[in-house]
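# Structural features, examined
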Amino acid sequence: MHKIMFCFLSVLGVVVDGFTHKEYNQYLISRQLNGFKSLEIVGGDEVDIKQHPYQVSLYYSNEFSCGGSIVSESYVLTAGHCVLPYPTYKFNFNPKDYHIRVGSSYMDGRGGKKYNINAITVHPEYCKLCDFDYDIAVMKLSTKIALNGITVKTVQLPESGKFLKSGENIVVTGWGDTTIKLDDCSDVLRAVTVPVQSLEHCVKQLTMFTITDRMLCAGFDEGGKDACQGDSGGPAVAESSSVQYGIVSFGLGCARPNKPGVYTNIAAPPIRDWIKNLTGI
Ligand code: ARG
């Protein structure tokens, strides 16, 4: 569903050659609706930012849009689709329209600190086919993040080619949201723990998508626990090491049986090496 909508918007981008604020809001709204009944991270618990101090919230034109993670004083990771498939489709895209907030447990970022974005780089392979492959973007901040070691910390990234095994748990965090709750200041960060699935298993479950080596699937066959709309761009870390292996990317609905969540696979060499080349990390 999301795939169809996303591709439709991409086509729209080519035709219109520009993505207005209103259109972007419509995109966000349809994204929320695609999550239908599921609000926020599904089946998880409220957590404090101190437990996941690398988590950031991303805003487009002052509206919450996605999650992200701090990888250094200057760089934040998010999903490619969180910042639109620029420059492929020449949307009206300006880093100045985005900002992040760090060090807050709340969706509106209160109590945390705001940082502006200086540059956004989407993986050059992202959305070539509009199939969510290479769904990653790196944001360079205008000023360095003040890391305080308590509520604001960097997350470690895996070595290139060092993958998690199926059955190992990842912890996914995010605010998720619904259209109605976009301005709800009481929305607290949530976390959910799900096991990694083998790619072969995932391919069999999500036949409507092209599942690639740049993706990581996680979830229970019985469903019930998952990331959901609005969690995109946010981190999935290994439960055992807190190393970030995934970025929330897509799914078919949320927490449905036999429909695992799909994450950008950070350890995949074309992803990990690209991050390294760009950021030195
Ligand atoms: N694409 C969604 C977003 O933009 C994230 C969906 C994750 N879905 C899932 N079932 N794990 O927020």
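Residues numbered from 1 in each chain as written. Predicted model: local features only at pLDDT ≥ 70, side-chain atom pairs only at ≥ 80, totals over all residues. Heavy atoms only, no water.

### A closer look at the overall build of the chain
Keep this limit in mind: Helix and strand definitions here come from DSSP, where helices need a minimum of 4 consecutive H or I residues and strands a minimum of 2 consecutive E residues; each element is numbered from the N-terminal end. Burial classes: relative accessible area under 20% of the type maximum marks a residue as buried, over 50% as exposed, and values in between as partly exposed (1.4 Å probe, protein chains only). The contact criterion used throughout is that any non-hydrogen atoms of two residues lie within 4.5 Å. Calculation of accessible area relied on Shrake-Rupley with a 1.4 Å probe; when residues are assessed, cover is drawn exclusively from the protein chains displayed.
Counting its secondary structure elements, the chain contains four helices and 13 strands. The burial tally for the chain puts 59% of its 281 residues in the buried class. The long-range fraction of contacts in the chain, counting pairs at least 24 apart against all pairs at least 6 apart in sequence, stands at 73%. Carbon and sulfur atoms form 52% of the exposed surface of the chain, whose accessible area is close to 11400 Å².

### A few points about the side chain of Gln55
Our working rule: In protein, a polar contact requires one atom able to donate a hydrogen and another able to accept it; more generally it is a pair of N or O atoms within 3.5 Å, and residues adjacent in sequence count only if both atoms are side-chain atoms.
Among the structural elements, Gln55 can be located in strand β2 (residues 55-60). Among the polar contacts listed, one links the side chain of Gln55 to the side chain of Thr173, at a separation of 2.7 Å. For Gln55, the contacting residues outside a window of four places in its chain are Ile49, Gly67, Gly68, Thr173, Gly174, Trp175, Leu189, Gly234 and Pro235.

### Side note on the nonpolar core
As a reminder of what qualifies: Residues belong to one nonpolar core when they are buried, are Ala, Val, Leu, Ile, Met, Phe, Trp, Tyr or Cys, and are joined through side-chain atoms within 4.5 Å.
In this structure, Leu77 and Ile100 are the most contacted members of the largest nonpolar core, which totals 50 residues. Listed by contribution, the elements that provide at least two residues to this core are β2, β3 (63-70), β4 (75-78), β5 (98-102), β6 (113-122), β7 (137-141) and α4 (269-279). Dropping the residues within four chain positions of it, Leu77 is found in contact with Gly68, Ser69, Val71, Ile136, Ala137, Val138, Leu157, Gly233, Gln244, Ile247, Ile266 and Ile275. In this structure, Val192, Val196, Tyr263 and Ala267 belong to the second largest nonpolar core, which totals 17 residues.

### Quick notes on the state of the cysteines
Quick note on the threshold: Disulfides are defined as cysteine sulfur pairs within 2.5 Å.
Under the counting rule described, the total for this entry stands at three disulfides. Disulfide pairing places Cys66 opposite Cys82 at an S-S distance of 2.1 Å. Looking down the S-S bond of the Cys66 and Cys82 bridge, the torsion is -85°, so its handedness is left-handed. A residue pair is termed long-range when its members are at least 10 positions apart, and Cys66 in strand β3 and Cys82 in the loop between β4 and β5 qualify at 16 residues. A residue is classified by how much of its surface remains accessible, and Cys82, at 1% relative accessible area, is buried.

### Quick look at the site of the ligand
The test is simple: The rule for a residue being near a molecule or strand is that one of its heavy atoms must lie within 4 Å of it. Nonpolar residues are Ala, Val, Leu, Ile, Met, Phe, Trp, Tyr, Cys and Pro. Charged residues are Asp, Glu, Lys and Arg, and all others, Gly as well, are polar.
Taken together, 17 residues lie near the ligand, and His81, Asp226, Gly230, Ser232 and Gly253 sit nearest. Gly230 places a polar main-chain atom, nitrogen or oxygen, 2.5 Å from an oxygen atom of the ligand. Within the side chain of Ser232, an N or O atom sits 2.5 Å from an oxygen atom of the ligand. Considering the ligand on its own, with 350 Å² of exposed area, one finds that the protein chains cover 100% of that surface. At three residues, strand β12 (residues 244-250) tops the list of elements feeding residues into the shell around the ligand. Here the shell around the ligand is built from residues that sort into five nonpolar, nine polar and three charged.

### Details of the pairing of β6
In plain terms, the rule: A strand pair is defined by DSSP finding two or more bridges across the two strands.
Alignment of β5 against β6, held across four bridges, turns out to be antiparallel. Its bridge partner being in β6, His99 is matched across the sheet by Asn116.

### Looking at the pairing of strand β9 (residues 190-197)
Here β9 lies mainly inside the structure; seven of its eight residues are buried. Relative to β9, strand β1 (residues 45-46) runs antiparallel, the two sharing two bridges. In the strand pairing of β9, Asp45 is matched with Ala191. Sheet topology places strand β8 (residues 169-174) next to β9; six bridges connect them, and they run antiparallel. Across the sheet, Val172 pairs through a bridge with Val192, a residue of β9. Examined bridge by bridge, β9 and strand β10 (residues 215-218) share two bridges and lie antiparallel to one another. If you follow Val196 over to β10, its bridge partner there is Ala218.

### Notes on the environment of Leu252
Inspection of the secondary structure assignment puts Leu252 in the loop between β12 and β13 (261-265). Leu252 sits 24 residues away from Cys228 along the chain, and the two C-alpha atoms are 9.4 Å apart.

### Focus on the sheet that holds β4
We count it as follows: Axes, fitted as lines to C-alpha atoms, cover a helix only where it is in contact. Angles between the N-to-C directions of the axes lie from 0 to 180 degrees.
Judged by pairing direction, the barrel is antiparallel, and its six strands sit side by side in the order β2-β3-β4-β7-β6-β5 before closing back on the first. Geometrically, the sheet is characterised by an average inter-axis angle of 40° between neighbouring strands, direction not taken into account. Judged from the four bridges that link them, β4 and β7 form a sheet pairing that is antiparallel. Each residue of the ladder has a partner; that of Thr78, found in β7, is Ala137. Along the sheet, α4 contacts β4, β6 and β7; its crossing angle with β7, the most-contacted strand, is approximately 20°.

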